[in-house]
Structures are given as C-alpha cells and as structure tokens.
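Single-letter residue listing:
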Amino acid sequence: MLVSCRQTCHRWNELFSRMEKLLSTFGKFCLLRSEVLLRPEQLPIFAGQKVCRTYSLLIIRQSLLQQMNKQSFIAIDFETATGKRSSICEVGICVVRDGEVLETKSWLVQPEDNIYAYWNTQVHGIRPEDTSSAPFFPEVWMEIEREYLGQYDTFVAHNAPFDRSCLEQAAQLYGITLGALQWDCSLKIARQLYDFESNSLAFLCDQLAIERGTHHRAGDDAEMCARLYLREWADAPAKGGRR
C-alpha cells in the first residue's frame, strides 16, 4: 500500500510539473483543455477505486482559473501628434491587480515642438493648444515608472507593436533607458479567439458588451483594452485557448 501511495504521489507530481511547464511556455490561454493532459492511469487510487475523472478535472480547472484571476498588468495606450511614433501627445494607463481594475489615469503630453498633423487631430481631437503647457514625455514616464513599474512588469495594449514602438521611439528621442518589460496584445488574442467582422477596440467592446469610453482618448482606450483583455482571458476556456 505504501509503495502504491508513493507511486500515486509521483504520478501527480509529474502531472503538475507538466502543467507548470505548459503554463510557462504557452501562458494562460493554453491551460484550458486540461483533460488532454490526463490519462486514466494518472488518476489517483484510493481504496482500490479511481477518483472520478470528471471531478478531478473540475478541481484542476478551478485551480487554474484561480491562478488566472491573480493576473496583474497595466493596459497602456498612446496617442500621437504626427506620423512619428515618438510624437506622443497623450498617455493612458489602466492598472489591473488580481483581475480587478484598480485605477485609470491619463496625461496630456507636449510632443516635440508641439507640432500636430491634421489627420492625427481628426482621430483623437487633441490640438496644439491642449498641450502647450503639458509636460514633456520624460516627466510623465518618470511618474509612471516611479508609481507603477515597481509593482507591474507587464503591459497590455490593443495592437501592442504600435504602442511598444511609440514607447521605444520616445525613449530613444529623450534618452530614456527602459527596463525589462513584458508585452501582450489584446488585438492578437481577439483574432485568435473570435470571428467578428472587425477587431477594432471599439467594435469588440460593443460586441462583447464592454462599457465604452471615448475611443482614441488614451485613458478610455487603456481601460477598454484592460477590460477586453480580461474578457478574452475568461472566454479562452470555452474556445479551447488560442488557436
């Protein structure tokens, strides 16, 4: 009996080790079809009877969902004054801790020479007079770094390559050294999870009944992105994770 218990413990240790590797390799969206990780001989044996396979899977899935709810990140959005991605004129963040939205904040930023392109202003409505007295990007980034980056190291954005390049090019322009940051993209995930005719942030929020703010204003877009990302996270189990 002692040998059997040791073998059972060994099997479960192997199983959870395997699941932890999947977590680190593929992230939260690859958890979900956990039944494919289990074979009948891997289920524990007590008094000569196998524990109900379905019940075991429910326990595992609940544990994984609890881990998912602990996710903490910052959703971030940049608006630009011109075609230069370094020309940030507004920054918005939405802070999420343990799956709950804690705070949304935005800053107007004076871009280089306070110059705006017509079409950029048509998109977000920000004009030179709105930022003539606004801080430059280094001051805003120092505040974000001081207040938030000690606690959070993951940024989420809708079309993360754009926002990431805005940050990197602005940092290069102003001689800012960026620390190690992780990025995830709610747009990329939406394309993998859903089959909507559009994957724009506003359209997805409408389709998924996520409360909308003013689209193309950085604070509102950051919060919309955060809530969309949490919704994607919740929807991934039903859709089998990322395709």
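Criteria and cut-off values
Each chain has its residues counted from 1, following the order in which its sequence is written. Restriction of local features to residues with pLDDT of at least 70 applies here, the model being predicted, together with a cutoff of 80 or more for giving and counting side-chain atom pairs; totals for whole chains, interfaces and linings are based on all residues. Excluded from the side-chain calculation are hydrogens and water; included are all heavy atoms of the structure. Pairs of cysteine sulfur atoms within 2.5 Å are identified as disulfides in what follows. Working definition: with a 1.4 Å probe on protein chains only, accessible area under 20% of the residue-type maximum means buried, over 50% means exposed, and in between means partly exposed. When DSSP locates at least two bridges between a pair of strands, those strands are taken to pair. Where helices and strands are cited, they refer to DSSP runs of H or I of at least four residues and of E of at least two residues respectively, numbered from the N terminus. Each axis is a line fitted through C-alpha atoms, and for a helix only the stretch in contact is used; angles between axes span 0 to 180 degrees, taken between their N-to-C directions. Residue contacts are counted whenever heavy atoms from the two residues lie within 4.5 Å of one another. Only buried Ala, Val, Leu, Ile, Met, Phe, Trp, Tyr and Cys residues count toward a nonpolar core, and they belong to the same one when joined by side-chain atoms within 4.5 Å. Each helix crossing is assigned a hand: it is left-handed if the near helix lies turned anticlockwise from the far helix by less than a right angle, otherwise right-handed if that turn is clockwise. Amino acids are sorted into nonpolar (Ala, Val, Leu, Ile, Met, Phe, Trp, Tyr, Cys and Pro), charged (Asp, Glu, Lys and Arg) and polar (every other residue, Gly among them). A residue's pLDDT is simply how confident the predictor is in it, with values from 0 to 100. The definitions used throughout rest on a 1 Å grid laid over the protein atoms alone, on which a cavity is an enclosed set of points accommodating a 1.4 Å probe that cannot get out and a pocket is an open set flanked by protein within 12 Å on both sides along at least five of seven lines; lining residues are those having an atom within 4 Å of a point. Grid points are joined across faces, edges and corners, and a volume is the space filled by probe spheres set on the points.

Colleague: Mind showing me how you'd approach the state of the cysteines here?
Modeller: When the sulfur atoms of two cysteines share a covalent bond, that bond is a disulfide. Applying the stated criterion across every chain yields a total of zero disulfides. Lacking any disulfide linkage, Cys166 is separated from the closest cysteine sulfur, that of Cys89, by 9.7 Å. The exposure class of Cys166 is buried, given its relative accessible area of 0%. No disulfide involves Cys225; its sulfur sits 7.8 Å from that of Cys185, the nearest cysteine.

Colleague: Whenever I open this one, the sheet that holds strand S7 (residues 182-185) confuses me. Can you help?
Modeller: Where strands meet in a sheet, backbone hydrogen bonds hold them as pairs that are either parallel or antiparallel. As summarised here, the arrangement of the five strands in space is S5-S4-S3-S6-S7, forming an open sheet in which the pairing is mixed. Lying at the two open borders of the sheet, with one neighbouring strand each, are strand S5 (100-108) and S7. Averaged over neighbouring strand pairs, the angle between their axes works out to 25° when direction is ignored. Sheet analysis places strand S3 (residues 73-80) next to strand S6 (residues 154-157), joined by two bridges and oriented parallel. Of the residues in S6, the one forming a bridge with Ala75 is Val156. On the sheet, helix H7 (residues 186-193) packs against S6 and S7 and is oriented at approximately 40° with respect to S7. Of the strands in this sheet, S3, strand S4 (88-97), S5, S6 and S7 are in contact with helix H9 (residues 218-235), which crosses S3 at around 140°.

Colleague: Looking at this structure, how should I read the nonpolar core?
Modeller: Looking at soluble globular proteins, one finds that nonpolar side chains tend to be buried together. Residues Val91, Phe137 and Phe155 are the most contacted members of the largest nonpolar core, which totals 28 residues. With five residues, the top contributor of residues to this core is helix H6 (residues 160-174). Setting aside chain neighbours within four positions, we find Phe137 in contact with Phe78, Ile88, Val91, Val109, Leu167, Ala170, Tyr174 and Ile176. Residues Val96, Tyr194, Leu201 and Leu208 belong to the second largest nonpolar core, which totals 23 residues.

Colleague: Help me out: how do you make sense of the packing of H7 against H9 in this one?
Modeller: Two packed helices can be described by the angle between their axes and the distance between those axes. In contact at an axis separation of 10 Å, H7 and H9 are set at 35° when each is read in the N-to-C sense. With respect to the hand of their crossing, H7 and H9 are arranged in left-handed fashion. Counting all contacts with H7, which are made through Ser186, Ile189, Ala190 and Leu193, the residues of H9 involved are Cys225, Leu228, Tyr229 and Glu232. Within the contact of H7 with H9, the residues separate by chemical class into six nonpolar, one polar and one charged.

Colleague: How do you make sense of the confidence of the model for the protein when you look at a structure like this?
Modeller: Caution applies to low-pLDDT parts of the model: their predicted coordinates are not meant to be read in detail. Here the protein averages 81 in pLDDT, while 69% of its residues score no lower than 70. When the criterion is pLDDT under 50, residues 23-57 qualifies, and its contacts beyond four places in sequence or with other chains add up to 55 contacts.

Colleague: Could you clarify how one ought to interpret the packing of helix H5 (residues 137-147) against H6 in this entry?
Modeller: As a packed pair, H5 and H6 sit with axes 10 Å apart at the nearest point and diverge in direction by 120°. Seen from above, H5 lies across H6 with left-handed handedness. Here H5 contributes Phe137, Pro138 and Trp141 to the contact with H6, which in turn contributes Leu167, Ala170 and Tyr174. Class assignment of the residues belonging to the contact of H5 with H6 gives a composition of six nonpolar, no polar and no charged.

Colleague: Hey, could you run me through the layout of surface pockets in this one?
Modeller: Over the atoms a probe the size of a water molecule is rolled, and this reveals where empty space is left. Within this model, the largest pocket holds a volume of roughly 290 Å³. Asp77, Phe78, Glu79, Phe162 and His216 are the residues nearest the centre of the largest pocket, which is lined by 15 residues in total. For the lining of the largest pocket, the secondary-structure elements that each account for two or more residues are S3, helix H3 (118-124) and H6. Looking at which element gives the most residues to the lining of the largest pocket, the answer is S3, with four residues. Class assignment of the residues belonging to the lining of the largest pocket gives a composition of four nonpolar, seven polar and four charged.

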